[in-house]
Amino acid sequence: MAGFQSLPGFRDFYPEDFSRRQHIFRVWRQTASAFGFQEYDAPVLEPLELYKTKSGDEIEAQLFSFKDKGDREVSLRPEMTPTVCRMVGAKAGALKRPIKWFSIAEFYRYERAQKGRLRAFHQFNADIFGEAGPEAEIELIALLVQCLAGFGLTKDDFYVRLSDRDLWFFYLEALGFNEEQSRALLTAVDRFEKMGDDAFKGYAEAHGALPADQKDKVLAFLKVKGLAELEATLAPFKSDKLSARLTDWRKVLAGLAAMGLGDFVCVDLAVVRGLAYYTGFVFEAFDRKGDLRALAGGGRYNDLVKKLGGPDLPAVGFAIGDVTTGLLLEQRGLAPAHVTAPDVYVVIGGEAERKAAFADIHALRAAGFKAEYPFRELAFGKQFKAASESGAKLALIYGGDELAKGIVKVRNLTDRTEHEVPKNQVIAAVRDSLSGD
RNA sequence: GCGGUCAUAGCUCAGUUGGUUAGAGCACAAGAUUGUGAUUCUUGGGGUCGCGGGUUCGAAUCCCGUUGACCGCCCCA
């Protein structure tokens, strides 16, 4: 027990853990594929500069970064977005639009590990490039919902909060704030849910105290919880920008409602999402109970591909994490049982019978059946016990008596019936017995 | 990076004011059972009590340090 252990925030995946992880990946992959997204992958190690360019120099504190032996500044990837922007940007001219891509990959962040937040974790990333309209948001939010609903989670388990950074900027502009003030206010909005009034301290220090009537308007906007309320709040403002945004909002909500997903999505302008390269809609998925970290997050980032050296290409994307998703599935009893049961367990009389059994065991496996047998000679009683414990549906009995008659006994371990089949028809007999149920 | 709680077998835990060789249940393995699965019984493997140091005749127990997990702060792409 002493000796080595895994690094803090890193996990070992024992077979049982691995099968839970695979189940999560399988649902994500199937769902993305049904939505017409194509899978890609990319290097785990990237130039450090890629992340600094996207997020600023401060980001290095949260990275697994180092100098390689060629003196290059590199970092394990903390997220997929810059990488996929680089990839798409490099070939944007040759890719058919809209570009719908997804990936399932491991990421690394040098942070203090807590429940639901580790240093190494997996994310499902889905992005749409080349579509400036809200149709891309509809597609992605629908995908996000289905990526969680695919596990059996319902509208009572999770929901998606939809907000809009552009709408906030246009609204604050209409209230008379300049861009710098607006950014400071959005930081306050982001923290308001957690800190309450103290969230505005930072703004007051930089730009002076916020007049009471202005603050009321900001708080009122932050508390908007529906489209009708949003429209009413914005009605007094004669702004083309605001009315254009409202048109997009109606499209997104109407589209999702038409897909039957209205109950999964709510308007919630309190969401603005932290470090902001987002340029329009932003959204986050949470469990309804609210005792877990965010399940997923994403939004539009129209400027990023260009910022990273590519063409001017609009983009929207989101990521779902495996850690929080796994915790939620566990809580709701939706984590699948770890199943290792073979299709058939072969009971072998003794050394003499072993060779005859081996021929059929291998033929069964080559035909795609999961076949198990005991490595060592065991009493029949033991073997039947082992067969039963293995979870196999069938036992094939290769005893001296049977082989002398040129047959094999097939025992149904569920109803405990037995029948004999000619040895040269074992595979067909197994296929028949298994297709029965 | 800062504060708090915790750490005994693979898992869940017990372990008295510091006192002999640290225990239980579950799990795992063998046997009772050499041609049919249950139950039961017996037996076994597995611990330098997270790690290092200190106090003491004696430490799982007290003290200091350290590592890790969890909780809160910062951050959350």
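Novice: Quick question: what am I supposed to make of the overall build of chain A here?
Specialist: Helix and strand counts for chain A come out as 16 helices and 16 strands. Over its C-alpha trace chain A gives a radius of gyration of 29 Å, far above what one expects of a compact globule, namely 22 Å for 437 residues. With the C-alpha coordinates aligned to their principal axes, the bounding extent of chain A is approximately 95 × 55 × 45 Å. Of all 437 residues assigned to chain A, the portion counted as buried reaches 49%. For chain A, the share of sequence-separated contacts (at least 6 apart) that also reach a separation of at least 24 residues comes to 68%.

Novice: Got a minute to help me understand the sheet that holds strand E16 (residues 418-422) in this structure?
Specialist: Hydrogen bonds between backbone atoms are what pair the strands of a sheet, whose relative direction is either parallel or antiparallel. Spatial ordering of the open sheet is given by E13-E12-E14-E15-E16, a layout of five strands whose pairing is mixed. In this open sheet, the two strands that pair with only one neighbour each are strand E13 (371-372) and E16. Across four bridges, strand E14 (residues 394-398) lies against strand E15 (residues 407-412) in antiparallel orientation. Counted as the bridge partner of Leu-394 is Asn-412 from E15. Each of strand E12 (344-348), E13 and E14 is contacted by helix H13 (residues 351-366), which is oriented at about 170° to E12, the strand it contacts most. Set on the sheet, helix H14 (residues 380-390) makes contact with E12, E14 and E15; between it and E12 the angle comes to about 175°.

Novice: Would you mind showing me how to read the protein's contact with RNA strand B here?
Specialist: Taken together, 38 residues lie around RNA strand B, and Lys-115, Arg-117, Arg-191, Glu-402 and Arg-411 are the ones closest in. Per the 4 Å cut-off to the protein, sugar and phosphate atoms form 46% of the nearby atoms of RNA strand B. Taking Ser-388, its side chain carries an N or O atom lying 3.3 Å from a base nitrogen of RNA strand B. In this structure, Asp-401 approaches RNA strand B through a main-chain N or O atom, which is 3.0 Å from a base oxygen. Only helix H6 (179-195), H14, helix H15 (400-404) and E15 provide two or more residues apiece to the surface near RNA strand B. Ranked by residues supplied to the surface near RNA strand B, first place goes to H14 with five residues.

Novice: Just checking my understanding: could you explain the domain arrangement of chain A for this structure?
Specialist: By convention, interface size is frequently given as the accessible area that disappears when the constituent parts associate. With domains assigned, chain A is organised as domain 1 (7-154 + 294-338), domain 2 (158-287) and domain 3 (344-435). Computed from C-alpha coordinates alone, the two centres of domain 2 and domain 3 are separated by 66 Å.

Novice: Sorry if this is basic, but what is going on with the side chain of Arg-300 here?
Specialist: Inspection of the secondary structure puts Arg-300 in strand E10 (residues 296-300). One polar contact links the side chain of Arg-300 to the main-chain carbonyl oxygen of Ala-132, over a distance of 3.5 Å.

The rules we used
Residues numbered from 1 in each chain as written. Chains lettered and ligands numbered in written order. Predicted model: local features only at pLDDT ≥ 70, side-chain atom pairs only at ≥ 80, totals over all residues. Heavy atoms only, no water. Helix = DSSP H or I, 4+ residues; strand = E, 2+ residues; numbered from the N terminus. Rg over C-alpha atoms; globule rule 2.2 N^0.38 Å. Buried < 20%, exposed > 50% of the residue type's maximum accessible area, 1.4 Å probe, protein only. Contact = heavy atoms within 4.5 Å. Pairing = 2+ DSSP bridges. Axes fitted to C-alpha atoms, helices over the stretch in contact; angles between N-to-C directions. Near = heavy atom within 4 Å. Polar contact = N/O pair within 3.5 Å; in protein donor to acceptor, adjacent residues only side chain to side chain. Domains from an automatic or database assignment.

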